[in-house]
Amino acid sequence: MAVSRTPLIAGNWKMNLDHLQAVALVQKLHWSLKDADHDFASVDVTVFPPFTDIRSVQTLIEADKIPFGFGAQDLSVHDSGAYTGEVSGAFLGKLGCSQVIIGHSERREYHAEDDAVVAAKTQAALKHGLVPVICVGETSEDLERHGASAVPVAQLEKALEGVASDAEIVVAYEPVWAIGSGQAATPEQAQEVCAKLRDVIRASLGDDAAASTRVLYGGSVKSSNIASFMREPDIDGALVGGGSLKVDEFSSIIRFQKHVGV
Ligand code: PGA
């Protein structure tokens, strides 16, 4: 990856870990990295716990001065009002969230979030000072029919409509067939699509945004394959699901720079 972009390793916990387990995991992860003499400035780490855990994680991170960011897995398109069950970006900002995942394939699939909703949520995040982590990716049918990049490229073009050229965003390329399957994309495949996504950022937001925006790969990232992704010029980090729930595994993923050959 390019030196000017600080790598970002993001842990998407999905609907796992209650607030007590969340606190234990963050604490142990911090200890594990300290024990390993990890250089915290060399990699940004963000965890995305369930909503009910965020306040506890915030309290711990602030009290112990743990250098991790934290964020939410979703937000409402609305600011406030009669929207039962929804969570406003304003509330997340108040809690100290720095980022929010938008358009994860599980939201798109189970909650019928289309590109218009993803675009509206991107706007809502930016409005409340949150960095949207915009997820895009093709299903196995898309892959067969259109190849790897057509669907993620179209999804990102839609999400970036109306985004200001100086807005900070993160893009996560997550092939749906690779999520939770144990079958990650090859680094070459992922690089090819991430390069095309960077072209979309350039066309939509300009050269500076293309140079500074972090593009992540997600889908069955493990300690055994992270280094191979991070060697690719257009991959600036990873969005990690299952691998972020185990302290030793996530700690090792974060320390990818120490892996042999990197
Ligand atoms: P996985 O999930 O690492 O368990 O494949 C990635 C994601 O859904 O963000």
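What counts as what
Residues numbered from 1 in each chain as written. Predicted model: local features only at pLDDT ≥ 70, side-chain atom pairs only at ≥ 80, totals over all residues. Heavy atoms only, no water. Helix = DSSP H or I, 4+ residues; strand = E, 2+ residues; numbered from the N terminus. Contact = heavy atoms within 4.5 Å. Near = heavy atom within 4 Å. Polar contact = N/O pair within 3.5 Å; in protein donor to acceptor, adjacent residues only side chain to side chain. Areas by Shrake-Rupley, 256 points an atom, 1.4 Å probe, with all protein chains shown as cover. Nonpolar A, V, L, I, M, F, W, Y, C, P; charged D, E, K, R; others polar. Pairing = 2+ DSSP bridges. Axes fitted to C-alpha atoms, helices over the stretch in contact; angles between N-to-C directions.

Which residues make up the side chain of Asp-234, and what values do they have?
Following the sequence through the fold, Asp-234 ends up in the loop between α10 (226–230) and β8 (237–240). The contact partners of Asp-234, leaving out residues within four places of it in the chain, are Arg-5, Gln-191, Cys-194, Ala-195, Arg-198 and Val-215.

How would you sum up the site of the ligand? Please name residues and give values.
By nearness alone, 13 residues border the ligand, and Lys-14, His-104, Glu-174, Gly-180 and Ser-220 come closest of all. Here an oxygen atom of the ligand sits 2.7 Å away from a polar atom, N or O, in the side chain of His-104. In this structure, an oxygen atom belonging to the ligand sits 2.8 Å away from a main-chain N or O atom of Ser-220. The fraction of the free accessible surface of the ligand (280 Å²) that becomes covered by protein chains is 94%. In terms of residue class, the shell around the ligand is made up of four nonpolar, seven polar and two charged.

Please provide a residue-by-residue account of the sheet that holds β8, values included.
The sheet built from eight strands closes into a barrel, its strands ordered β1-β2-β3-β4-β5-β6-β7-β8 with parallel pairing. Taken over all neighbouring pairs, the strand axes of this sheet differ in orientation by 25 degrees on average, direction set aside. Of the strand pairs in this sheet, strand β1 (residues 8–12) and strand β2 (residues 44–48) are connected by five bridges, and their pairing is parallel. Along β2, the bridge assignment pairs Ala-10 with Thr-46. Across the face of the sheet, helix α2 (residues 51–63) comes into contact with β2 and β3 (69–72) while running at roughly 165 degrees to β3.

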